[in-house]
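Chain by chain, the residues run as shown.
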Amino acid sequence: MSRLGELFPRADLPSVRLGSSPTPVRQAVGLGPEVWIKDDGAFGDGAWGGNKVRKLEWIIPEAHRRGRSTLLTVGGIGTHWGLAAALYGADHGLRTVLGLVDQPVDDHVRDQLRRLEASGALIHRYRSVARLKLAAPWLLLRYSQRGHLPYYLPAGGSSPVGTLGYVEAALEIADQVAAGELPEPATIVTAVGSGGTAAGLALGLRLAGLSTRVLGIVVNDAFRLDAVTVAGLANETVELLRDRGAEVDLRLTADDLDTTAEWMGQTYGAPTPEGQAALGRAADLGLELEPVYTAKAVAAVLGTADRLDRPVLLLGTHGPR
Ligand SMILES: Cc1ncc(COP(=O)(O)O)c(C=O)c1O
């Protein structure tokens, strides 16, 4: 049973197991004093892992409950989320349609595009978000099946349902703290691309009674991802929990978490010197890093060492296989 299911035994919260938990935590070497790493890249039993798989544990049963056989979602041409949706969706009888928008191309994005093309996803490419938005009604109709529209999921799987994945992960962290595997973190650092990971963590930490604060390292300028927006997503997730019968009376505000775009560079996917330097440290950190998200999160930990409240827990979210 999920930790959320244990916390709210009377609520209707179906999930499917896609990875083994808890994911490992360990003290980090080379990131300054009192820094711990939780390796969520290890999450996921399939051909891709990481933070998107946790969201799919809740999204896949929701698609089935809505009677849908197709997922429709969007992202950049290097989307990790789209790849995870295609691979794990196919394992559970769902086909995935992807509307992909161009982003700066480097080796990582080229590799990712190859994986996407091999994943079985039905891919449509657009030069800009505006063009994708114009095409969206056509995509919805084109891929309707047996009178059902596809189940549309926002970029990154950051719907309230997807966000449950990181509420669950926060409850897992609280258990690891209680078991003495790490001290209660003052700060959890995570990359923010669409907000679901940070929102779920912030909500789950409150539910678990920890006073840990989330520091979200924003790497995407395609959406508003400030603390107000992320807290808003957490509150939509509270509403969802209530609709499903959970007795939860919480409201997050922008004061409950922090986000910063200081490490993004020019745009989503644009390389930064600090990110590139962090990539060069991946081997000594023993973490899988890529340039778009995790390298920038590590750069933030290295670059703000004097400003972070400790202990710090860095969330490793990248899970290539
Ligand atoms: C490796 C990696 N880390 C972090 C993130 C950010 O997570 P979120 O989209 O939930 O903000 C993503 C996806 O966007 C990702 O692929």
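Every value quoted in this text rests on a predicted model; they were computed, and no experiment measured them.

Draft legend 1. Representation of the site of the ligand in the model. Around the ligand there are 15 residues in total, and Lys52, Lys55, His80, Ser194 and Thr197 lie nearest to it. Between an oxygen atom of the ligand and a side-chain N or O atom of Ser194, the distance comes to 2.5 Å. When the ligand is considered free in solution it has 380 Å² of accessible area, and contact with the protein chains removes 98% of it. When residues of the shell around the ligand are traced back to their parent elements, those giving at least two are helix H2 (51–65), strand S8 (187–192) and helix H7 (196–207).

Draft legend 2. Structural view of the sheet that holds strand S5 (residues 95–101). An order of S6-S5-S4-S7 is seen for the 4 strands of this open sheet, with the pairing classed as parallel. Looking at which strands have only one partner, the edges of the open sheet turn out to be strand S6 (122–126) and strand S7 (151–153). For this sheet the average axis-to-axis angle between neighbouring strands, irrespective of direction, equals 20 degrees.

Draft legend 3. Highlighting the packing of H7 against helix H8 (residues 227–243). Axis separation between H7 and H8 bottoms out at 8 Å; the angle between their running directions is 60 degrees. Crossing angle aside, the handedness with which H7 passes H8 is right-handed. The segment H7 lies against H8, with Gly196, Ala198, Ala199 and Leu203 engaging Val230, Leu233, Ala234, Thr237, Val238 and Leu241. Looking at the contact of H7 with H8 residue by residue, the class counts come to 8 nonpolar, 2 polar and no charged.

Draft legend 4. Up close: the packing of helix H3 (residues 80–91) against helix H4 (residues 107–118). At their nearest, the axes of H3 and H4 sit 10 Å apart, and the two run at 20 degrees to each other. By the criterion of interaxial angle, the relationship of H3 to H4 is roughly parallel. Handedness of the crossing formed by H3 with H4: left-handed. Facing H3, whose interface residues are His80, Gly82 and Leu83, H4 presents His108, Gln112, Arg115 and Leu116. Residues of the contact of H3 with H4, tallied by class, amount to 2 nonpolar, 4 polar and 1 charged.

Draft legend 5. Structural view of the domain arrangement of the protein. For the protein, the assigned domains are domain 1 (3–52 + 158–320) and domain 2 (59–156). Taken together, the 29 residues of domain 1 in the interface contact 23 residues of domain 2. Both faces combined, the contact of domain 1 with domain 2 buries some 2100 Å², and carbon together with sulfur accounts for 67% of it. Taken as a group, Leu18, Trp48 and Lys52 account for 30% of the area that domain 1 buries against domain 2, more than any other trio of residues on that side. Here domain 1 and domain 2 share 2 salt bridges between them. Between Asp12 and Arg65 there is a salt bridge; the shortest N-O distance is 3.3 Å. The tally of links between domain 1 and domain 2 comes to 9 residue pairs in polar contact (both at pLDDT 80 or more).

Criteria and cut-off values
- Residues numbered from 1 in each chain as written.
- Predicted model: local features only at pLDDT ≥ 70, side-chain atom pairs only at ≥ 80, totals over all residues.
- Heavy atoms only, no water.
- Near = heavy atom within 4 Å.
- Polar contact = N/O pair within 3.5 Å; in protein donor to acceptor, adjacent residues only side chain to side chain.
- Areas by Shrake-Rupley, 256 points an atom, 1.4 Å probe, with all protein chains shown as cover.
- Helix = DSSP H or I, 4+ residues; strand = E, 2+ residues; numbered from the N terminus.
- Pairing = 2+ DSSP bridges.
- Axes fitted to C-alpha atoms, helices over the stretch in contact; angles between N-to-C directions.
- Left-handed = near helix turned anticlockwise from the far one by under 90°.
- Contact = heavy atoms within 4.5 Å.
- Nonpolar A, V, L, I, M, F, W, Y, C, P; charged D, E, K, R; others polar.
- Parallel < 35°, antiparallel > 145°, perpendicular 65-115°, else oblique.
- Domains from an automatic or database assignment.
- Buried area = accessible area lost by both parts, 1.4 Å probe.
- Salt bridge = Lys/Arg side-chain N within 4 Å of Asp/Glu carboxyl O.

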